[in-house]
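In case you want the letters, here they are:
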Amino acid sequence: MPSPTQRALARVPDRLRPFVVRHRRLVKFLLVGSGCFVLTTLVNFELKLTVLQHKPVVALTVSTVIGTVVSYVLNRRWAFRAAGSRREALMFVLVSAVAIVVNDVPLAVSRYLLDLREPYVDPVGQEVADFLSGIVVGTFAAMVFRYWAMRRWVFAPSARPTPGRPVPAPTTAPREPGYAAPEMPRDVP
């Protein structure tokens, strides 16, 4: 019986399949991110329309934290297939804290520096500005930062040279079930 990944890969057009297989980690990261983007957006609007009506940056921060926790679990278990360690968890928390600030900055600038809020703009203009600055621009900037930082520090290969210890010989990564091509070498220094 084919795995869900094999079934999904079978639906990808033949011309795109080699690209998807070669960059499967990025594709998985983007799928996880898309799901967490929807979750973050829904939680953000729920909070903004109920208990945090006058605190949009706090609502965005809370919704981003929720999306980040879900993202960590899915990225660790599926996109990066890492075993998990205290160092990894600590690095993830640090990277995520920076990413949450990166995500909040465009909304704070829009609201409090550019005054794109009531009474300076109408309620619809305020919500459009909040959505574009906080959800679209902020999430995109945080996503780019997270992908780079996750590959570099959080889910990085653990075989790093240390003084006095020889560098282990490179080995091939184990094949993931459902893929026809081997993993391409990572470009992490």
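The rules we used
- Residues numbered from 1 in each chain as written.
- Predicted model: local features only at pLDDT ≥ 70, side-chain atom pairs only at ≥ 80, totals over all residues.
- Heavy atoms only, no water.
- Helix = DSSP H or I, 4+ residues; strand = E, 2+ residues; numbered from the N terminus.
- Buried < 20%, exposed > 50% of the residue type's maximum accessible area, 1.4 Å probe, protein only.
- Areas by Shrake-Rupley, 256 points an atom, 1.4 Å probe, with all protein chains shown as cover.
- Expected span 1.5 Å × (residues − 1).
- Contact = heavy atoms within 4.5 Å.
- Axes fitted to C-alpha atoms, helices over the stretch in contact; angles between N-to-C directions.
- Parallel < 35°, antiparallel > 145°, perpendicular 65-115°, else oblique.
- Left-handed = near helix turned anticlockwise from the far one by under 90°.
- Nonpolar A, V, L, I, M, F, W, Y, C, P; charged D, E, K, R; others polar.
- pLDDT = per-residue confidence, 0-100.
- Bend = angle between axes of the 7 residues up to and from the residue.
- Patch = residues over 30% accessible without salt bridge, like charges linked within 9 Å, V, L, I, M, F, W, Y side chains within 5 Å.
- Salt bridge = Lys/Arg side-chain N within 4 Å of Asp/Glu carboxyl O.

## What about the overall build of the chain?
Then, in step 1: A count of helical and extended segments in the chain gives six helices and zero strands.
Then, in step 2: What you see in the chain, going N to C, is helices and strands ordered as α-α-α-α-α-α.
Then, in step 3: The 189 residues of the chain split such that 33% are buried.
Then, in step 4: As presented, the chain carries roughly 12100 Å² of accessible surface, and 69% of it is formed by carbon and sulfur atoms.

## Some remarks on helix 3 (residues 24-49)
Then, in step 1: If you check helix 3, its first and last C-alpha atoms are 37 Å apart, about what 26 residues at 1.5 Å a residue would give, namely 38 Å.
Then, in step 2: Taken together, the buried positions of helix 3 are Arg24, Arg25, Lys28, Phe29, Val32, Cys36, Thr40, Thr41, Val43, Asn44, Leu47 and Lys48.
Then, in step 3: The inward-facing, buried residues of helix 3 abut helix 2 (17-22), helix 4 (56-79) and helix 6 (123-154).

## Re the packing of helix 5 (residues 86-113) against helix 6
Then, in step 1: As a packed pair, helix 5 and helix 6 sit with axes 8 Å apart at the nearest point and diverge in direction by 155°. Comparing the axis directions of helix 5 and helix 6 gives the class roughly antiparallel. The crossing of helix 5 and helix 6 is right-handed.
Then, in step 2: Among the residues making up the contact of helix 5 with helix 6, the classes are represented as 18 nonpolar, eight polar and five charged.

## Comments concerning the confidence of the model for the chain
As a note on interpretation, predicted positions should not be read in detail where pLDDT is low.
Then, in step 1: When pLDDT is averaged along the chain, the result is 80; 81% of the residues meet or exceed 70.
Then, in step 2: Within the chain, helix 5 carries the highest mean pLDDT (89), whereas helix 1 (residues 4-11) carries the lowest (77).

## Observations concerning unusual backbone geometry
Then, in step 1: Cis geometry marks the peptide bond from Glu118 to Pro119, where omega comes out at 5°.
Then, in step 2: Among the structural elements, Pro119 can be located in the loop between helix 5 and helix 6.
Then, in step 3: Although it is not a glycine, Asp115 adopts a positive phi angle of roughly 55°.
Then, in step 4: As for its placement among the helices and strands, Asp115 is situated in the loop between helix 5 and helix 6.
Then, in step 5: Classification of Asp115 by relative accessible area gives partly exposed; the value is 26%.

## Let's talk about helix 6
Then, in step 1: Here helix 6 is 32 residues long, yet its end C-alpha atoms lie only 40 Å apart, well below the 46 Å a rise of 1.5 Å per residue gives.
Then, in step 2: Gly138 marks the point of greatest bend in helix 6, at about 30°.

## Quick word on the side chain of Asn75
Then, in step 1: Mapped onto the fold, Asn75 is located in helix 4.
Then, in step 2: Judged by its relative accessible area of 1%, Asn75 is buried.
Then, in step 3: Dropping the residues within four chain positions of it, Asn75 is found in contact with Phe29, Val32, Phe80, Arg81 and Phe155.

## Some details on a nonpolar patch on the surface
Then, in step 1: Taken together, the side chains of Val58, Val62, Ile66, Val70 and Leu74 define a hydrophobic patch exposed on the protein surface, amounting to about 340 Å² of accessible area.
Then, in step 2: Along the chain, Leu74 falls in helix 4.

## Examining the pattern of salt bridges
If the charged atoms of two oppositely charged side chains come close together, the side chains can form a pair.
Then, in step 1: According to the stated counting rule, one finds five salt bridges in the structure shown.
Then, in step 2: Close ionic contact of Glu127 with Lys48 constitutes a salt bridge, the shortest N to O distance being 2.8 Å. Residue Glu127 is located in helix 6, and its partner Lys48 is located in helix 3; the two are separated by 79 residues in the primary sequence.
Then, in step 3: When its relative accessible area of 28% is taken as the criterion, Glu127 is described as partly exposed.
Then, in step 4: Of the residues examined, Lys48 reaches a relative accessible area of 8% and is grouped as buried.
Then, in step 5: Taken together, the shared-partner salt bridges in this structure form one network comprising Lys48, Arg111, Glu127 and Asp130.

## Observations regarding the packing of helix 4 against helix 6
Then, in step 1: One way to put it is that helix 4 packs onto helix 6 with a least axis distance of 12 Å and a crossing angle of 40°. Two packed elements cross with a definite hand, and for helix 4 against helix 6 that hand is right-handed. Touching Pro56, Leu60, Thr64 and Thr68 of helix 4 are Asp130, Gly134, Ile135 and Arg146, all from helix 6.
Then, in step 2: Taken together, the residues of the contact of helix 4 with helix 6 sort by class into three nonpolar, three polar and two charged.

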